[in-house]
Every structure is written in structure tokens, then in C-alpha cells.
Amino acid sequence: MTDRKVRVRFAPSPTGALHIGGVRTALYNYLFARQHGGDFVFRIEDTDSNRFVPGAEEYIIESFRWLGLTFDEGVGLDGEYGPYRQSERRHIYKKYVDELLENGKAYIAFDTPEELEAKRNEITNFQYDASTRQMMRNSLTMSKEECEKRIADGEQYVVRFKVEPGIDVHVHDLIRGEVVIKSDIIDDKVLYKSADELPTYHLANIVDDHLMLISHVIRGEEWLPSAPLHVLLYEAFGWQDTMPQFAHLPLLLKPEGKGKLSKRDGDRLGFPVFPLEWKDPKTGEVSSGFRESGYFPEAVINFLALLGWNPGTEQELFTLEELVNAFDITKCSKSGARFDYQKGIWFNHEYILHKSNEEIAKLFASVVANNGVDETLERITLVVSMMKDRVNFVHELWPLCSFFFLPPLEYDEKTVKKRWKENSAQVMTELAGVLESLDDFSIEHQEQVVMAWVEEKGYKLGDVMNAFRLVLVGIGKGPGMFDISAFLGKEETLRRIRRAVEVLK
């Protein structure tokens with residue numbers, strides 16, 4: 001680490017929902033910045049106007065608000081290096097395009113899409129580079145006068161970076177070490193398009209990182225092939241001293257099979273790949289989100305942090321502060337990280353266990369109310385204390401716990417066949433009499449009296465308790481029987497027993 005202040009950025013394109021891989025990239029940038037007392041910058045890279053999707057930028061901002069990852073400057077925030085939307089910076093980039101042209105580091109090309117396609121069909125593995133640029137329509141093969149006339153006539157053009165062949169390009173990567181690429185395999189990338197007077201990602205990215213004093217570029221592995229070009233651009237501008245350090249993160253891989261994680265994997269296996277639910281404005285298709293699926297933001301953060309990074313200890317549960325303290329970018333894996341969505345579910349279960357009963361009850365209260373039940377938070381908290389260890393998500397509590405709030409209207413056929421004996425109606429009627437005589441309906445007193453009665457009558461305890469559970473719950477599930485009956489109270493317990501006896505006979 002140099003003495004230079006750490007400044008990192010997360011710079012998504014507003015082209016749709018934010019993929020969970022992008023969230024992990026943002027998280028690692030956040031952890032790195034916080035650990036080194038640096039700045040975390042939020043920039044929107046919207047130079048590709050054809051791919052802009054309405055609502056995407058707002059979606060990205062809301063995603064980070066939910067996740068609890070805060071930026072220090074950027075879109076929607078103050079900052080001395082703004083504006084932070086690239087579309088609002090177009091007046092800045094042209095100066096740098098002209099500088100490259102004047103210094104012979106770039107050139108103007110007039111080739112149409114049809115001409116480029118024809119050349120691709122003509123030459124196998126065609127790329128626009130030192131070996132092919134002389135056969136194309138550009139300022140290297142045309143006179144200055146002809147180029148100026150074409151531009152004056154309104155002919156559309158692009159500006160391409162002139163990559164010199166035979167150079168070893170060195171990329172120092174914090175995760176992958178020294179990466180050396182031959183410049184011969186790098187094509188003359190388009191840096192600027194006259195059609196919309198906007199730079200491409202490659203130029204805008206470099207200029208913005210330089211002007212915003214970005215010290216480290218932490219991004220996905222898919223951007224590694226563009227790193228040598230970016231190094232060459234820094235050198236072309238003479239900015240070697242301010243070139244950021246690179247760190248290219250491992251890909252998130254499919255839960256099964258080969259390849260990187262995609263939305264189709266989530267659709268097929270039933271898990272989200274976006275932080276929030278996303279409705280495509282063009283197709284109307286709705287994609288599930290971690291928030292709407294019932295995940296806690298802390299669980300998502302914890303899960304993502306360990307996908308591609310290992311703290312080197314047995315610890316799995318981390319607060320955000322603990323992650324900041326433990327994170328080491330150099331310990332990120334070079335190979336892809338398999339997206340084990342079952343582990344994500346496990347994390348959410350662990351966070352349910354670690355949260356207080358009161359906190360879970362406040363979340364569950366709305367579910368209870370939506371099912372037409374008017375119940376106090378105190379009693380809902382009591383139910384949560386008995387049942388939360390059985391669920392992975394808060395919304396799973398209702399199907400497991402509804403019997404606490406609503407009497408069974410029918411009785412599970414399989415349970416009846418297995419648990420309701422010939423004498424069950426008689427035994428339950430007797431049990432109702434025993435319970436009715438109690439003044440103290442506490443768990444302890446019920447258990448003491450009922451157990452003594454079962455022993456005195458010579459009944460099989462299992463048969464009595466299974467029938468008791470069936471009449472109160474409607475099926476063979478739930479916590480301890482006296483926990484249930486004490487919660488229901490004497491009146492409701494007797495009502496349920498007598499109705500079941502009448503229905504089941």
C-alpha cells in the first residue's frame with residue numbers, strides 16, 4: 001500500500017437489474033475502502049445510450065440502501081469530483097479524445113457496420129489492429145483533407161486507439177500477481193462515437209478514474225482482458241504515476257455444471273440472483289429478489305463476502321464491522337466461486353436464530369395481521385420464541401404457526417388414520433374434564449396433573465399426546481403440547497378438544 005489515499009469506485013451501467021455478482025464487487029470495494037480509511041465512490045457509467053433502461057439507476061440506489069452499503073460521494077451525494085453520471089460529463093471527454101488524436105495515439109475511422117461485418121466474413125478471427133487497419137477506411141489510409149471533408153459532410157465516425165504491436169503490457173494485479181499480455185492480441189478499441197458524441201466505456205472509465213483520483217480498481221474477472229488496454233491508455237496520456245492498482249475478482253459460478261451464474265440458474269433452481277425484485281419495463285417479466293424472498297440484508301452481505309474470499313479462520317458469521325476488520329483483498333481466490341444458494345439459505349436461518357424474538361415478532365406481526373388475526377405483539381413474540389428455530393425465513397412461520405392463532409377447520413387425513421385410535425374420543429373427553437378442573441393452567445401445572453392422570457388410568461402416553469396434538473393443531477406438528485395448550489388458554493383448548501371429538505367421533 002502506498003501513501004496515496006485509498007479511493008475506490010463502484011460504477012455500474014443502468015442497463016437493468018443489478019446482478020448479485022455486481023453486489024459482491026461493490027461489497028469488496030466497500031470493505032477495502034473502510035479498512036484503509038478511504039473513500040467509496042458511486043459512479044453511473046451510462047455512455048451506451050442504446051442500452052439505457054428506465055428505472056435501473058433508481059433500482060441500483062435502492063439496492064444499496066437496503067443492503068446498508070453507504071457511499072461517500074457519487075450520484076445523489078455531494079462530492080468535489082462530480083458530476084458522477086458519465087452522460088453528464090460528455091463535455092469533459094472530448095478534450096482527451098483530441099489529445100490522443102493530436103499525439104498520434106488514436107485515429108479516426110469511417111468504416112460502416114456493414115463494411116466491418118463483410119471484413120469479418122472475409123478474414124477469420126478478424127480484429128481491427130496493426131495488421132488490418134491499413135486495409136480499412138480511416139485517417140491512417142486517407143488524407144487529412146478527405147477526413148476533414150467527410151466529417152464536415154456529417155459522416156459518422158469513431159475514434160480508435162492505436163495499439164502498437166510487439167509490446168509486453170504488464171498488469172500488476174493484487175489477486176493474480178503480475179500479468180503480462182502481448183499487445184498484438186489487443187485490438188484498436190473504439191474510444192469515441194460521433195453518433196452520440198459520447199466516449200465508450202474504455203476511455204470514459206480511464207479519464208474518470210484519473211480525474212476522480214481512484215487508487216484501486218476492484219472489479220470482476222470478466223474485465224481482466226480489458227486491463228492491458230487500460231494500462232496502455234494510462235501510458236498514452238502520461239498518467240503512469242496515477243495508474244490505479246488492479247484487483248480482478250473471481251467469477252460467481254453456477255451452483256451446478258460449468259459457466260458463470262446467470263438468471264436462468266436462479267429461475268431453474270428457485271433462488272434469486274438480484275438484490276431486489278425487478279420488473280423489466282420492456283417485457284413486463286418479473287424477476288425475484290433477495291429482499292422480497294425474505295432474506296435479511298445482513299445475511300446476504302455475509303453470504304456474498306465469503307464467495308471468493310476466505311478469512312483464514314473457522315468463523316462464518318460476521319457483522320459488517322467484523323468483515324471490514326478481517327477483509328484482505330490478497331486472500332481472494334483466483335478461481336471462480338460456486339454460488340451455493342443453499343448456503344445462502346443457511347445464513348438467513350442463522351440470522352433468524354441470532355436476532356431477538358421481539359425483532360422477529362415485529363416482522364411476523366404483519367404476516368399475522370394479513371391473515372386476518374388481531375393479536376398482541378407480546379403473544380406473537382411468545383409464538384416466535386417457540387418456533388423460529390424451525391424456519392429459514394420469517395414468512396415460513398405462518399404455515400407452521402397458524403394453529404396458534406386459528407383453530408383447525410379440518411384434520412389431516414394421514415394423521416387421523418395413524419393417531420386417532422378407537423378410544424381416542426373417549427380419552428380426549430376425559431382429558432377435557434381433567435383440564436377443565438385446573439385453576440392453574442401453566443405449562444408446569446398442566447404437565448404435572450395430566451401425567452399423573454395418564455399414569456393412573458394406565459393409558460399409553462404416546463397415544464394420548466398424539467391425539468391431543470391432533471385436536472389442537474389439526475396435524476402432527478408443533479412444539480411441546482403443554483406449550484401449545486398454555487398459549488391457547490383453558491377456554492380455547494377445551495373448545496378445540498370438544499369440536500374434534502364431535503367431528504372425528
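It should be emphasised that the depicted structure is a prediction, and the values quoted were computed from it without experimental measurement.

### Details of helix H2 (residues 56-67)
Part 1: With 12 residues, H2 should reach 16 Å at 1.5 Å per residue; the first-to-last C-alpha distance of 17 Å fits that figure.
Part 2: Ala56, Glu57, Tyr59, Ile60, Ser63, Phe64, Trp66 and Leu67 are the residues of H2 that are buried.
Part 3: If you follow the buried residues of H2, they end up packed against strand E1 (7-10), helix H1 (20-35), strand E2 (39-42), strand E13 (278-279) and helix H9 (297-305).
Part 4: Just beyond H2, the residue with positive phi is glycine 68, at close to 80°.

### Re the pattern of salt bridges
If the charged atoms of two oppositely charged side chains come close together, the side chains can form a pair.
Part 1: Applying the stated criterion across every chain, the model contains 41 salt bridges.
Part 2: In this structure, the salt-bridge partner of glutamate 62 is arginine 65, at a minimum N-O distance of 2.6 Å. Here glutamate 62 pairs with arginine 65, and both are found in helix H2, just 3 residues apart, close to one helical turn.
Part 3: Several salt bridges share partner residues, and in doing so they unite Arg9, Arg43, Glu45, Arg89, Asp208 and Asp209 into one network.

### With respect to the packing of aromatic side chains
Part 1: Scanning the model with the defined rule gives 31 aromatic pairs in all.
Part 2: Ring centres of tyrosine 59 and tryptophan 278 lie 5.1 Å apart, and the angle between their planes is 80°; this geometry places the pair in the edge-to-face category. One end of the pair, tyrosine 59, is in helix H2; the other, tryptophan 278, is in strand E13, and 219 residues separate them in sequence. Comparing tyrosine 59 with tryptophan 278 shows no difference in burial state: the two are buried.
Part 3: When the ring centre of phenylalanine 296 is taken as origin, the NZ or CZ atom of lysine 355, which lies over that ring, is 4.7 Å away.

### Some points on helix H19 (residues 481-504)
Part 1: In this model H19 runs just 20 Å from its N-terminal to its C-terminal C-alpha over 24 residues, more than 12% under the 34 Å that 1.5 Å per residue would give.
Part 2: For H19, the principal kink sits at glycine 489 and spans about 115°.
Part 3: Positioned one or two residues after H19, lysine 505 has a phi angle of 60°, which is positive.

### Looking at the UniProt feature "short sequence motif: 'HIGH' region" (unreviewed entry) in the protein
Part 1: Under the present numbering, the feature "short sequence motif: 'HIGH' region" (unreviewed entry) in UniProt falls on residues 12-22.
Part 2: Within the segment residues 12-22, helix and strand shares are 27% and 0% respectively, and the terminal C-alpha atoms sit 8 Å apart.

### Quick look at the sheet that holds E2
Part 1: Strand order in this open sheet of 3 strands is E1-E2-E3, and the pairing throughout is parallel. Of all the strands in the sheet, just E1 and strand E3 (73-74) have a single pairing partner and so form its edges.
Part 2: Here E1 runs beside E2; their pairing, made up of 4 bridges, is parallel. By the bridge assignment for E2, arginine 7 is matched with aspartate 39.
Part 3: Here H1 sits on the sheet and contacts E1 and E2; the angle it forms with E1, its principal contact strand, is near 165°.

### Thoughts on the UniProt feature "binding site: ATP" (unreviewed entry) in the protein
Part 1: When the UniProt feature table is mapped to this numbering, "binding site: ATP" (unreviewed entry) covers Lys263.
Part 2: In this fold, lysine 263 is placed in helix H8 (residues 263-269).
Part 3: If we skip the residues at most four places from it in the chain, lysine 263 touches Val273, Phe274, Glu285 and Ser287.

### Comments concerning the sheet that holds strand E8 (residues 190-193)
Part 1: Taken together, 4 strands build an open sheet; the order of strands is E4-E5-E8-E9 and the sheet is antiparallel. Looking at which strands have only one partner, the edges of the open sheet turn out to be strand E4 (106-109) and strand E9 (198-199).
Part 2: Pairing analysis gives 4 bridges linking E4 to strand E5 (residues 158-161), with the strands arranged antiparallel. Among the inter-strand pairings, alanine 109 is bridged to a residue of E5, identified as valine 158.

### Concerning empty space enclosed by the protein
Part 1: Under the counting rule described, the total for this entry stands at 2 cavities of 30 Å³ or more.
Part 2: Taken as a whole, the largest cavity holds about 40 Å³ of empty space.
Part 3: As for the largest cavity, its lining consists of Lys263, Gly266, Asp267, Phe271, Pro272, Val273, Ser287 and Ser288.
Part 4: A per-element tally of the lining of the largest cavity places H8 first, with 3 residues.
Part 5: Split into classes, the residues belonging to the lining of the largest cavity amount to 3 nonpolar, 3 polar and 2 charged.
Part 6: There is about 40 Å³ of room inside the second largest cavity.
Part 7: Around the second largest cavity, the lining residues are Ser13, Pro14, Thr15, Glu45, Asp46, Asp48, Arg51 and Phe52.
Part 8: The class makeup of the residues in the lining of the second largest cavity is 2 nonpolar, 2 polar and 4 charged.

### So, the nonpolar core
Nonpolar side chains in soluble globular proteins tend to be buried together.
Part 1: Grouped together as the largest cluster of nonpolar side chains are 153 residues, with contacts concentrated most on Phe339, Phe364, Phe404, Phe405, Met428 and Phe468.
Part 2: Leaving out residues up to four positions away in the same chain, phenylalanine 468 has contacts with Met428, Leu431, Leu435, Met481, Phe482, Ser485, Thr493 and Ile497.
Part 3: The next biggest cluster of nonpolar side chains, apart from the first, holds 6 residues, and it includes Tyr107, Ala109, Tyr128 and Met136.

### Here we look at the side chain of histidine 230
Part 1: Among the structural elements, histidine 230 can be located in helix H7 (residues 227-237).
Part 2: Those residues within four positions of histidine 230 in sequence are excluded, and the remaining contacts are Tyr201, His202, Asn205, Ile206, Arg219 and Phe246.

### Some points on the packing of helix H13 (residues 377-387) against helix H14 (residues 397-405)
Part 1: Two elements in contact, H13 and H14, have axes whose closest approach is 11 Å; the angle formed by their N-to-C orientations is 130°. Here H14 runs oblique to H13, going by the angle between their axes. As H13 runs across H14, the sense of the crossing is right-handed. Together, Ile380, Val383, Val384, Met386 and Met387 of H13 and Leu397, Leu400, Cys401, Phe404 and Phe405 of H14 make up the contact between the two elements.
Part 2: Along the lines of polarity and charge, the residues of the contact of H13 with H14 split into 10 nonpolar, no polar and no charged.

### A few points about the environment of phenylalanine 364
Part 1: Along the chain, phenylalanine 364 turns up in helix H12 (residues 357-370).
Part 2: Look at phenylalanine 364 and you get buried, because its relative accessible area is 0%.
Part 3: Sequence separation between phenylalanine 364 and alanine 17 is 347 residues, and the spatial gap between their C-alpha atoms is 28 Å.

### A few points about a negative patch on the surface
Part 1: A contiguous patch of negative charge on the surface is contributed by Asp439, Asp440, Glu444 and Glu447.
Part 2: With respect to the element layout, glutamate 447 can be found in helix H17 (residues 443-457).
Part 3: Take glutamate 447: its relative accessible area is 36%, and that puts it in the partly exposed class.

Definitions and cut-offs
Residues numbered from 1 in each chain as written. Predicted model: local features only at pLDDT ≥ 70, side-chain atom pairs only at ≥ 80, totals over all residues. Heavy atoms only, no water. Helix = DSSP H or I, 4+ residues; strand = E, 2+ residues; numbered from the N terminus. Expected span 1.5 Å × (residues − 1). Buried < 20%, exposed > 50% of the residue type's maximum accessible area, 1.4 Å probe, protein only. Contact = heavy atoms within 4.5 Å. Salt bridge = Lys/Arg side-chain N within 4 Å of Asp/Glu carboxyl O. Phe/Tyr/Trp six-rings, centres within 6.5 Å; stacked < 30°, edge-to-face > 60°. Lys NZ or Arg CZ within 6 Å of the ring centre and 35° of its normal. Bend = angle between axes of the 7 residues up to and from the residue. UniProt positions renumbered as here; feature names shortened; annotations may be inferred. Pairing = 2+ DSSP bridges. Axes fitted to C-alpha atoms, helices over the stretch in contact; angles between N-to-C directions. 1 Å grid on protein atoms, 1.4 Å probe; cavity = no way out; pocket = protein on both sides within 12 Å on 5 of 7 lines; lining within 4 Å. Points joined across faces, edges and corners; volume = space filled by probe spheres on them. Nonpolar A, V, L, I, M, F, W, Y, C, P; charged D, E, K, R; others polar. Core = buried A, V, L, I, M, F, W, Y, C linked by side-chain atoms within 4.5 Å. Parallel < 35°, antiparallel > 145°, perpendicular 65-115°, else oblique. Left-handed = near helix turned anticlockwise from the far one by under 90°. Patch = residues over 30% accessible without salt bridge, like charges linked within 9 Å, V, L, I, M, F, W, Y side chains within 5 Å. Areas by Shrake-Rupley, 256 points an atom, 1.4 Å probe, with all protein chains shown as cover. Lys, Arg positive; Asp, Glu negative; His and termini not counted. Charge placed at Lys NZ, Arg CZ, Asp CG, Glu CD.

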